[in-house]
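# An overview of the molecular structure
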Amino acid sequence: MTSNLKYAVAGTRGRALTALIALAASLAVGGAQAQPAWKPERPVELIAMNAPGGGSDRTLRIMAKILQEGRHVGVPLNVVNKPGGGGSVAYAYLNQHPGDAHFLQLASKSLLTNHIAGHGPSYTDFTPIAFLFGEYISVTVRPDSPLRTGRDLVERLRKDPGALSFGIATSLGNPNHQAVATALKEAGIDIRKMKTVIFPSGGAASTAMLGGHVDVVPITAAFAASMARQGQVRLLAVTAPARLPDVLADVPTWREQGYDVVVSNWRSMVGPKGMTEAQIAYWEQTLRRFTESEEWKKELETNFWRSEYMRSAETRKYLDQDSAQVRAFLTALGLAK
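Residues numbered from 1 in each chain as written. Predicted model: local features only at pLDDT ≥ 70, side-chain atom pairs only at ≥ 80, totals over all residues. Heavy atoms only, no water.

Here we take up the overall build of the protein. Broken down by element type, the protein carries 11 helices and 11 strands. Looking at the protein as a whole, 48% of its 337 residues qualify as buried. The long-range share in the protein, meaning contacts at least 24 apart out of those at least 6 apart in sequence, stands at 75%. Per element, the accessible surface of the protein, about 16000 Å² overall, is 53% carbon and sulfur. (Helix = DSSP H or I, 4+ residues; strand = E, 2+ residues; numbered from the N terminus. Buried < 20%, exposed > 50% of the residue type's maximum accessible area, 1.4 Å probe, protein only. Contact = heavy atoms within 4.5 Å. Areas by Shrake-Rupley, 256 points an atom, 1.4 Å probe, with all protein chains shown as cover.)

Structure, rendered in structure tokens:
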């Protein structure tokens, strides 16, 4: 009896010890899983497709400042400029680092338009990380123009598609061009008959309009707002899904005027091909926290940008849809290759 009792106690102790070991092991595994599966181990390069002072350069420097001051990333963030080829130089540089999540690039709609027009890589050559925000376009005329609304513009061109001239910066088929031509196309107007003049910048196009050399100029909402505050332009429409704030609050969208048109020169973060799920997850989470910061929200408001954060899978679906729409538009213009 005593001997059997000894074995029973020993067995109980053994089972208890085994259970404790199993519990400790499970806690260790759980602790390991709670840690990020990947995080950057050296400085990260944020690639801008233009020279210092350009759009993507400025945006990335704002992002880097907020990310580092808010301690969202534990390593230095360096903005690297790779201008040239409408972004193709920057994209080529990015894909020289396959699978390396220490290299990211701020992409825009030109990634789609350039490829469809026959120059530049496809969006499918890269890893989508996150969709960040949309930058919308305002359609402007001189304050003394007889055109007072976007509908006035459409009706004028319905009678004669070549009646007005448009100043477009900086290439046919880009978001500025789409800001007007997409509404005209929906109204059944032959957009190939539009009179367009290409300018090297929105500033140059606006100067030409104020001088009476072109009739209509589509420019970014932020630029249009600065000109409107000085009484230099009248705004006919914005390409946003809803009205924009501040000085643009009284400007109707194309949708309000009867044309189901939204044109966004969006910005998304992409990485090189071959990134892992763990790398994507790290940057998704980091950029999500970044977009929720008060500092970034202030930048959005100042620049009339619209926050539209989407994760990697959602971004890829959006790019698929937008690419199809851009191809249809450029095909109608005879620009698709």
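Next comes the rest of the account.
The subject of this paragraph is the sheet that holds strand β9 (residues 234–238). Strands sit in the order β8-β5-β9 across an open sheet of three strands; the sheet is antiparallel. In this open sheet, the two strands that pair with only one neighbour each are β8 (217–220) and β9. Across this sheet, the average inter-strand angle for adjacent strands is 35 degrees, counted without regard to direction. Note: strand β5 (residues 137–141) against β8, four bridges, orientation antiparallel. Each bridged residue has a counterpart across the sheet, and for V139 the counterpart in β8 is P218. (Pairing = 2+ DSSP bridges. Axes fitted to C-alpha atoms, helices over the stretch in contact; angles between N-to-C directions.)

The N-to-C vectors of helix α2 (residues 55–69) and helix α9 (residues 277–291) enclose an angle of 95 degrees; their axes lie 10 Å apart at closest approach. One finds that α2 runs roughly perpendicular with respect to α9. Across from M63, I66 and L67 in α2, the residues of α9 making contact are T286, L287 and F290. Per-class residue counts for the contact of α2 with α9 are five nonpolar, one polar and no charged. (Parallel < 35°, antiparallel > 145°, perpendicular 65-115°, else oblique. Nonpolar A, V, L, I, M, F, W, Y, C, P; charged D, E, K, R; others polar.)

Moving on: the nonpolar core. Counting residues in hydrophobic clusters, the biggest one holds 46 residues, and the most contacted among them are L153, F166, L184, V216 and W254. At five residues, helix α11 (residues 312–333) tops the list of elements feeding residues into this core. Once residues within four sequence positions are removed from consideration, W254 is found in contact with V139, G150, L153, V154, A179, A183, A237, V238, T239, Y259 and V261. Ranked by size, the runner-up nonpolar core spans 32 residues in total, among them L77, L104, Y282 and W296. (Core = buried A, V, L, I, M, F, W, Y, C linked by side-chain atoms within 4.5 Å.)

Before going further, it helps to spend a moment on α2. Under the 1.5 Å per step criterion, the end-to-end length of α2 is 22 Å for 15 residues, consistent within 8% with the ideal 21 Å. Considered for burial, the residues of α2 that qualify are S56, D57, T59, L60, I62, M63, A64, I66 and L67. R71 lies just past α2 and shows a positive phi near 55 degrees. (Expected span 1.5 Å × (residues − 1).)

Attention now moves to the packing of α2 against helix α10 (residues 294–303). It is at 10 Å that the axes of α2 and α10 come closest, and there the two elements cross at 155 degrees. For the element pair α2 / α10, the angle class is roughly antiparallel. Once α2 is placed against α10, the crossing between them reads as right-handed. Side by side, α2 and α10 meet where R58, T59, I62, M63 and I66 of the first sit next to E295, W296, E299 and N303 of the second. Considering only residue class, the contact of α2 with α10 consists of four nonpolar, two polar and three charged. (Left-handed = near helix turned anticlockwise from the far one by under 90°.)

Moving on, we come to the side chain of E135. As for its placement among the helices and strands, E135 is situated in strand β4 (residues 127–135). Polar side-chain contacts of E135 include one of 3.0 Å to the side chain of R267. One polar contact links E135 to W305, side chain to side chain, over a distance of 3.5 Å. Those residues within four positions of E135 in sequence are excluded, and the remaining contacts are T220, V263, S264, N265, R267 and W305. (Polar contact = N/O pair within 3.5 Å; in protein donor to acceptor, adjacent residues only side chain to side chain.)

On any regular strand, side chains alternate: one points to one face of the sheet, the next to the other face. Counting buried positions over the five residues of β9 gives five, a clear majority of the element. In this structure, β5 lies alongside β9, joined through four bridges in antiparallel fashion. Bridge pairing in β9 places V141 opposite R234.

Treat this as a map of the structure, not an account of what it does.
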